[in-house]
Amino acid sequence: MTSTQSPLKSAVCSGKRDRGDDEDILEDKAVKSQKSNAKPPLTLPVTPSRYDAPFPFYRRPAEVGRFSLDSQRHYHGDARQLRYYVPPPTEGPSPGFDLRDGYRDRYVQRDESVHEGLEHLLQWVAQNRKQLQGAEEKGQLLNTDFVTWRGHLTKVLTTPYEKQEGWLLAVSLFRGTFYISEVETESARRQREQRSEMLKELTYMGYKFEHYMCADTPDGTPDPTGVVNTNEGFCTVIRTRLGAHSLLFSGEVDCTDPRSPWPDPPSCYVELKTSKVMHSPAQRKSFYRHKMIKWWAQSFLPGVSRIVAGYRGPDGSVVGLETFETMKIFQLIREDPGCWKPAVCMNFCAAFLSFVKKVVTEDDPKLVHLFAWEPGHPVSFTVHRDSEYTFLPDWYVEALSTEKPPTPQIPD
């Protein structure tokens, strides 16, 4: 194992669109002779001002697949767990949903001590690898640079403004594609194991809100009397591109709106959130600065168009609802000079992905580069071979190792 801690001079993303193929080829030829001697950067700075540049190219996210997880956390390659958004009547008093109802007797919690890694996403990739065939000249079996969870990218996006929670991201290069999987930090483990009863109940309230707002069929009505089982989930699989990096990632989706003005996924999806009711401009300002950044990143990445927030009162009841259009969130924060900037988030993410490509060059599923970040420090990495950090499962490596690279089509 090796560890490195020296500074990097500059890592600002220019925000320019992809260059043409001819220019890429010329540049490849020019630098090929230098690559053998070039050393990868050792750290990546995180200071927001370094990434305060024009918004980078981000291709419209496209849904290429979907899968479900049932009450036993078993994988199904279909949309059986997809639920449908049913807004409450706009007339009359506040919804009054009791978010505490069922916490003691109708709550089945997923075992958070079981670290699933990329398991379910890899099951989808393995089953659908024919539609993901890559380019032989790039040495890629899959036609994507990166495979990961949406939640991992969300953490990277929000890093320049995060003050409390660090992260560990394990990366392996396998058959031309970089796989990114989160490793639980010691701090996160302690927080999970020592979570207070109040925080546990607040977590439940978020899931319970979904039961008040969703039905099992497009024309159905919500049934909040059922069991809240957090093993269940519906996931979308997204393809997109950030600058020079092609991405394939998956994320859980709360529901789809059958009456959405944007009928196609992922635009028709709706993200449901709960938050403490606000009573002053100062509280709303803090909400925009500290909570909205994560809400925005989580929905912007997969192209989810709307976020519906339920504001809870001290007794756990919903006292109001508010809808945010993901693409208009920046309008809420741009007048606050001390607030976060979407372009900084996206530019840093692009820089991090470039950093990964420069550092991780050996194609080996047993080799893991562990990227680490703590607030106030740059991103650094350590290298681990055949270690506890290896995360690509043997079944997946074997399944893709037997696959032949695509053969170029020869025109008649």
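Computed from a predicted model, the values in this text were never measured in an experiment.

## Regarding the overall build of the protein
Alright, step 1. When you go through the protein residue by residue, the secondary structure sums to ten helices and 18 strands.
Alright, step 2. With 412 residues in all, the protein has 50% of them scored as buried.
Alright, step 3. Long-range pairs, those at least 24 residues apart, make up 75% of the contacts in the protein between residues at least 6 apart in sequence.
Alright, step 4. Carbon and sulfur atoms provide 50% of the accessible area of the protein, an area that totals close to 21,200 Å².

## Some points on the pairing of strand β11 (residues 233-242)
Alright, step 1. With respect to burial, β11 is a largely interior element, ten of its ten residues being buried.
Alright, step 2. The two faces of β11 match: Gly233, Cys235, Val237, Arg239 and Arg241 on one face and Phe234, Thr236, Ile238, Thr240 and Leu242 on the other face are all buried.
Alright, step 3. Relative to β11, strand β2 (residues 62-69) is paired through seven bridges, and the arrangement is antiparallel. Looking at β11, one finds that arginine 66 is bridged to threonine 236.
Alright, step 4. Inspection of the sheet shows β11 paired to strand β12 (residues 245-252) by eight bridges, in the antiparallel sense. Bridging from a neighbouring strand, threonine 236 pairs with glycine 251 of β12.
Alright, step 5. Between β11 and β12, which pair antiparallel in sequence order, lie two residues; one of them, glycine 243, sits at a positive phi of approximately 60 degrees.

## Quick notes on the environment of tyrosine 85
Alright, step 1. Within the element layout of this structure, tyrosine 85 appears in strand β4 (residues 84-85).
Alright, step 2. Between the C-alpha atom of tyrosine 85 and that of arginine 259, which follows or precedes it by 174 residues, the distance is 8.7 Å.
Alright, step 3. Residues in contact with tyrosine 85, not counting those within four places in the same chain, are Met213, Cys255, Thr256, Asp257, Pro258, Arg259, Val270, Leu272, Arg306 and Val308.

## A short note on the nonpolar core
Alright, step 1. Trp296, Phe324, Trp340, Phe352, Phe371 and Val379 are the most contacted members of the largest nonpolar core, which has 54 residues in total.
Alright, step 2. No other element matches the twelve residues that helix α9 (residues 342-359) contributes to this core.
Alright, step 3. What phenylalanine 324 contacts, discounting residues up to four positions off in sequence, is Arg284, Phe287, Tyr288, Met292, Trp295, Ser305, Arg306, Ile307, Ala309, Tyr311, Ile329 and Leu332.
Alright, step 4. With 30 residues, the next largest nonpolar core counts Leu69, Tyr75, Val237 and Val368 among its residues.

## A closer look at the packing of aromatic side chains
Alright, step 1. According to the stated counting rule, one finds 29 aromatic pairs in the structure shown.
Alright, step 2. When the ring of tryptophan 167 is compared with that of phenylalanine 352, the centres are 5.6 Å apart and the planes differ by 80 degrees; the resulting orientation is edge-to-face. A residue pair is termed long-range when its members are at least 10 positions apart, and tryptophan 167 in strand β7 (residues 167-174) and phenylalanine 352 in helix α9 qualify at 185 residues. Across the pair, phenylalanine 352 and tryptophan 167 agree in class, each one buried.

## What to know about the state of the cysteines
Alright, step 1. Following the criterion strictly, the structure yields zero disulfides and no others.
Alright, step 2. As a non-bridged cysteine, cysteine 214 has cysteine 255 as the owner of its nearest cysteine sulfur, 3.9 Å distant.

## Notes on the pairing of β7
Residues in a regular strand project their side chains so that they alternate between the two faces of the sheet.
Alright, step 1. Along β7, eight of the eight residues are buried, which leaves the element largely enclosed by surrounding structure.
Alright, step 2. As paired elements, β7 and strand β17 (residues 367-373) share five bridges and run antiparallel to each other. Bridge assignment links valine 171 to a residue of β17, and that residue is histidine 369.
Alright, step 3. Alignment of β7 against strand β8 (residues 177-183), held across seven bridges, turns out to be antiparallel. Its bridge partner lying in β8, alanine 170 is registered against serine 181.

## Observations regarding the environment of phenylalanine 391
Alright, step 1. Assignment of secondary structure puts phenylalanine 391 in the loop between β18 (380-385) and α10 (394-401).
Alright, step 2. By relative accessible area, which is 16% here, phenylalanine 391 ends up buried.
Alright, step 3. Taking the C-alpha atoms as reference, phenylalanine 391 lies 8.3 Å from valine 368; in sequence the two are 23 residues apart.
Alright, step 4. If we skip the residues at most four places from it in the chain, phenylalanine 391 touches Leu118, Ala170, Val171, Ser172, Tyr179, Ile180, Ser181 and Val368.

## Description of the packing of helix α3 (residues 150-158) against α9
Alright, step 1. Put simply, α3 and α9 touch, their axes get as near as 7 Å, and they point 115 degrees apart. Taken together, the axes of α3 and α9 are roughly perpendicular relative to one another. Regarding α3 and α9, the two cross each other, and that crossing is right-handed. Counting all contacts with α3, which are made through Leu153, Val156 and Leu157, the residues of α9 involved are Cys345, Met346, Phe348, Cys349 and Phe352.
Alright, step 2. Of the residues in the contact of α3 with α9, the class split is eight nonpolar, no polar and no charged.

## Some details on the pattern of salt bridges
Between side chains of opposite charge, a pair can form as their charged atoms come close.
Alright, step 1. Applying the stated criterion across every chain yields a total of 26 salt bridges.
Alright, step 2. Glutamate 193 is the salt-bridge partner of arginine 189, the closest N and O atoms lying 2.8 Å from each other. Here arginine 189 and its partner glutamate 193 are both found in helix α4 (residues 186-193), four residues apart, which amounts to about one turn of the helix.
Alright, step 3. Residue classification places arginine 189 among the partly exposed positions, given a relative accessible area of 26%.
Alright, step 4. Counted as one network, the salt bridges with shared partners bring together Asp101, Asp105, Arg106 and Lys208.

The rules behind these values
Residues numbered from 1 in each chain as written. Predicted model: local features only at pLDDT ≥ 70, side-chain atom pairs only at ≥ 80, totals over all residues. Heavy atoms only, no water. Helix = DSSP H or I, 4+ residues; strand = E, 2+ residues; numbered from the N terminus. Buried < 20%, exposed > 50% of the residue type's maximum accessible area, 1.4 Å probe, protein only. Contact = heavy atoms within 4.5 Å. Areas by Shrake-Rupley, 256 points an atom, 1.4 Å probe, with all protein chains shown as cover. Pairing = 2+ DSSP bridges. Core = buried A, V, L, I, M, F, W, Y, C linked by side-chain atoms within 4.5 Å. Phe/Tyr/Trp six-rings, centres within 6.5 Å; stacked < 30°, edge-to-face > 60°. Disulfide = S-S within 2.5 Å. Axes fitted to C-alpha atoms, helices over the stretch in contact; angles between N-to-C directions. Parallel < 35°, antiparallel > 145°, perpendicular 65-115°, else oblique. Left-handed = near helix turned anticlockwise from the far one by under 90°. Nonpolar A, V, L, I, M, F, W, Y, C, P; charged D, E, K, R; others polar. Salt bridge = Lys/Arg side-chain N within 4 Å of Asp/Glu carboxyl O.

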